[in-house]
Each structure stands twice: as structure tokens, then as C-alpha cells.
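Chain and residue survey
Listed here are the chains, written in short residue letters.
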Amino acid sequence: MNTNLFRGVGINFKDYTDRFDGRRFSGYANYLSFFSYFRNLSLNLFYKENSEGFRSDIGYIERNNFKTRGFGVAPIFYPNRFGITEFSIPIEYSKETNFEGILKDSIRIVCYMLKVVLIPVFLLLSLNLDSFSF
């Protein structure tokens, strides 16, 4: 990227400007994700990388020099009994390396998700009283 082409818009704050002042930076960031959600299964594949020269100090991205890849799969069940409307067991795995191939982090997650519908007790009592009225 030729940083000499960007002249700035004229923002000045003390000794800082919005111009590159002749400095050159070369870096990139990529994020690719495939996500599918079916009635009884959800799948997620992702890849994310920030190069060594990526300017991570100028925004909300806090670091550079990493590649992260991973996947997630979650079977979904709908028992509709005892107030349980949905039950799922998500399984996720991700691996992070730097650009030299050194492993920095590896995450394995297996958990469960349970959606429950709770009916207030007074509603049950009122339904029962109404059903037995003469």
C-alpha cells in the first residue's frame, strides 16, 4: 500500500496528525466463516488471520501475527416434555498459531444447552380450578 497517496483530511491534535508522514505499512487481516443452521444441526467453520505487519495498535483489534482456525457442530433436539423445549450439545474446537507455525492456543469446548419453559404455579392453579368448576 502506498501511504503517500493518503494526504489526510486535516485532523491535528497537539503533535499528532492523521497523515502517514511518509511511513509505510504492509499488513492484512482476513476472516472467513461458513455457518449453517438446520432444524436439528448447526455447523460452523471459520478461519481468521492477522499478518505480522498488520497495524493492530490503531483500532479495536489488539494483536497481530496469528492464524486461527476452527469448527463447531451442535446437534439440536426438541423433546417438548417436562417443560424442556430444546436441548443441544455444542462441540467446538479451535487452534491458533503464529505465522511461523508455533502453536499459541488450542480450545476444546463441549457443553450443553437446555431451554426450559416455566409455567407459574398460580397459572396452573387457576387452570385447575377453572377446569373443575360446575
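Rules behind the numbers
Residues numbered from 1 in each chain as written. Predicted model: local features only at pLDDT ≥ 70, side-chain atom pairs only at ≥ 80, totals over all residues. Heavy atoms only, no water. Helix = DSSP H or I, 4+ residues; strand = E, 2+ residues; numbered from the N terminus. Buried < 20%, exposed > 50% of the residue type's maximum accessible area, 1.4 Å probe, protein only. Contact = heavy atoms within 4.5 Å. Patch = residues over 30% accessible without salt bridge, like charges linked within 9 Å, V, L, I, M, F, W, Y side chains within 5 Å. Areas by Shrake-Rupley, 256 points an atom, 1.4 Å probe, with all protein chains shown as cover. Salt bridge = Lys/Arg side-chain N within 4 Å of Asp/Glu carboxyl O. Phe/Tyr/Trp six-rings, centres within 6.5 Å; stacked < 30°, edge-to-face > 60°.

Comments concerning the environment of I84
Among the secondary structure elements, I84 is positioned in strand 6 (residues 84–88). Classification of I84 by relative accessible area gives partly exposed; the value is 23%. Sequence-wise, I84 and L114 are 30 residues apart; in three dimensions their C-alpha atoms are separated by 7.1 Å. Filtering out sequence-adjacent residues up to four positions away, I84 remains in contact with P79, L114, K115 and V116.

Structural notes on a nonpolar patch on the surface
A cluster of nonpolar side chains, contributed by F77, I89, I91, V110, Y112, L114, V116 and L118, occupies part of the molecular surface with about 810 Å² of accessible area. Tracing the backbone shows Y112 in the loop between strand 8 (103–110) and strand 9 (113–116).

Digging into the packing of aromatic side chains
Counted by the stated rule, this structure contains three aromatic pairs. Judged by centre distance (6.5 Å) and plane angle (85°), the rings of Y28 and F99 are edge-to-face. A residue pair is termed long-range when its members are at least 10 positions apart, and Y28 in the loop between strand 2 (16–17) and strand 3 (29–37) and F99 in the loop between strand 7 (91–97) and strand 8 qualify at 71 residues. Since its relative accessible area comes to 39%, Y28 is described here as partly exposed. Of the residues examined, F99 reaches a relative accessible area of 25% and is grouped as partly exposed.

Purely spatial values, then, with no claim about function.
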